[in-house]
Each structure stands twice: as C-alpha cells, then as structure tokens.
Amino acid sequence: MADILIIGGGPAGLSSALFTAKNGLETAVFDTDETWMHKAHLFNYPGIGSMDGSNYIETLREQVDDFGVTRHQETEVTTVTTDNGGFVVKTADEEYTADYVVLATGANREIADDLGCTFTDEDVVDVDVTMETSVDNAYATGAMVRAEEWQAVISAGDGASAALNILSKEKGEHYHDFDVPADAEEVFGSLVDTD
C-alpha cells in the first residue's frame, strides 16, 4: 500500500510526487504520457529561459525517480473508489490502495466525477485553497480545477499545494518544504542561527 497515488504525470502530478516522496511518503504515479507538455515550449516558466516541453517532463521524471517514486508509465487508471477511509485505484491489470489520491489528468475530469467530487458552475472540479476536493483526502490539480488557466507553472503550483497539505495532515502541523544548503551559515552568514 502506498501513501499517495497520483493519477497523471504532467507538471501537476509530478510536482505532487516530488514533494511527497522527497518528504518520506510512499508515492506512485500513473502516467499515460498524454500530457500537453509534449506540444509545448516553455518561455514563461520561472527559472527556465527556454525549454522544450518533453525535455521538461523528462527532467521532472528524473527528479521524482531520484526520490524513489514508483512510476507506472503507459498505465491508464480505469477507476478510483473510496474504501475504508482510503482509495482503491484500478488499472487493467492491477489494483492499488492508498490513504490519499491526487487527480492530475488535465481537462479530463471523468475520474473526479466518478469518485463523486463536487463540480463548480463552470464544470471544473471544486477544490479549496489546498486543492482538496469535496471527497476527503482526494485532491484535484491543474486543468481539472481551472476553466481556462492552463499553464505549466500554475499546474505545478497546484500539485505542490496538494502535496504540502497532505504532508501537513500526515505530520499534524503546517509543513513547509524549504531547503537550505548544508552549510547555511557559510552561505547566509549571521542571518541564519545554526544552533
């Protein structure tokens, strides 16, 4: 059993996976590799001057692999259901269980609808500021929750928000994923208390 099952391997899904796995939660991603990023070229993503969308996705995949995410490539999820406070994700060949599910399937909202998530008047998945849906411990991200604001950086932010909320629930307090260099005092001088 994984802690988190993420359906979708675009910017939102892989960002969620990066944060959760980096912070010790067992994470699996199901990816049909149909992300719009394969048709994109990034000029408007902070920190990236210019990058082909497929190269961006490959970089994200390498990052999540480095943190031990289990990636199920070319694997379509057929159903997601609730079971005893958790979730069951089914593919054509297997069944997986987890405490949390993150839906990151772009504008395809069928799984969210089947799961019983509430939708807005704009026919997008209704989420709170942490990306949690009306179904406890089920999160929706990216184009699933936005009528027309489909940008890689927004989707990645949505995925990170969902992951940080899951981490906060798991740790029982607000959780902040903020990395500092190993020798912070050398880098930041007297601004950092290293005691």
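Located above this text is the structure these notes cover.
So, a few notes on the structure that sits alongside this text.

Definitions and limits used
Residues numbered from 1 in each chain as written. Predicted model: local features only at pLDDT ≥ 70, side-chain atom pairs only at ≥ 80, totals over all residues. Heavy atoms only, no water. Buried < 20%, exposed > 50% of the residue type's maximum accessible area, 1.4 Å probe, protein only. Helix = DSSP H or I, 4+ residues; strand = E, 2+ residues; numbered from the N terminus. Pairing = 2+ DSSP bridges. Right-handed = clockwise from strand over helix to strand, strands pointing away. Salt bridge = Lys/Arg side-chain N within 4 Å of Asp/Glu carboxyl O.

## Some remarks on the pairing of strand β2 (residues 27-31)
In terms of residue burial, β2 counts as a mostly covered element, since five of its five residues are buried. What you see with β2 is no split at all: T27, V29 and D31 on one side and A28 and F30 on the other are buried throughout. Sheet analysis places strand β1 (residues 2-7) next to β2, joined by four bridges and oriented parallel. Bridging from a neighbouring strand, I6 pairs with V29 of β2. In this region the chain leaves β1, passes through helix α1 (residues 11-22) and returns to the parallel neighbour β2; the handedness of that crossover is right-handed. Alignment of β2 against strand β5 (residues 70-73), held across four bridges, turns out to be parallel. Paired with A28 across the bridge in β5 is T70.

## A short note on the pattern of salt bridges
Counted according to the given criterion, the structure contains seven salt bridges. The partner of D31 in a salt bridge is R61, with the nearest N and O atoms 3.1 Å apart. Here D31, found in strand β2, pairs with R61, found in helix α2 (residues 53-66); they are 30 residues apart in sequence, far enough to count as distant. The pair D31 / R61 is uniform in exposure class, with both members buried. D33 is paired through a salt bridge with R61; the nearest N and O atoms lie 2.5 Å apart. In this pair, D33 is assigned in the loop between β2 and β3 (41-42) and R61 in helix α2, connecting sequence segments 28 residues apart.

## Thoughts on the pairing of strand β8 (residues 95-103)
Relative to β8, β1 is paired through five bridges, and the arrangement is parallel. For A2, the partnering residue across the bridge sits in β8 and is A98. Remark: three residues form the turn of the hairpin made by strand β7 (residues 86-91) and β8, two consecutive strands paired antiparallel. One crossover worth recording links β8 to the parallel strand β9 (residues 138-140) by way of helix α3 (residues 110-115), and it is right-handed.

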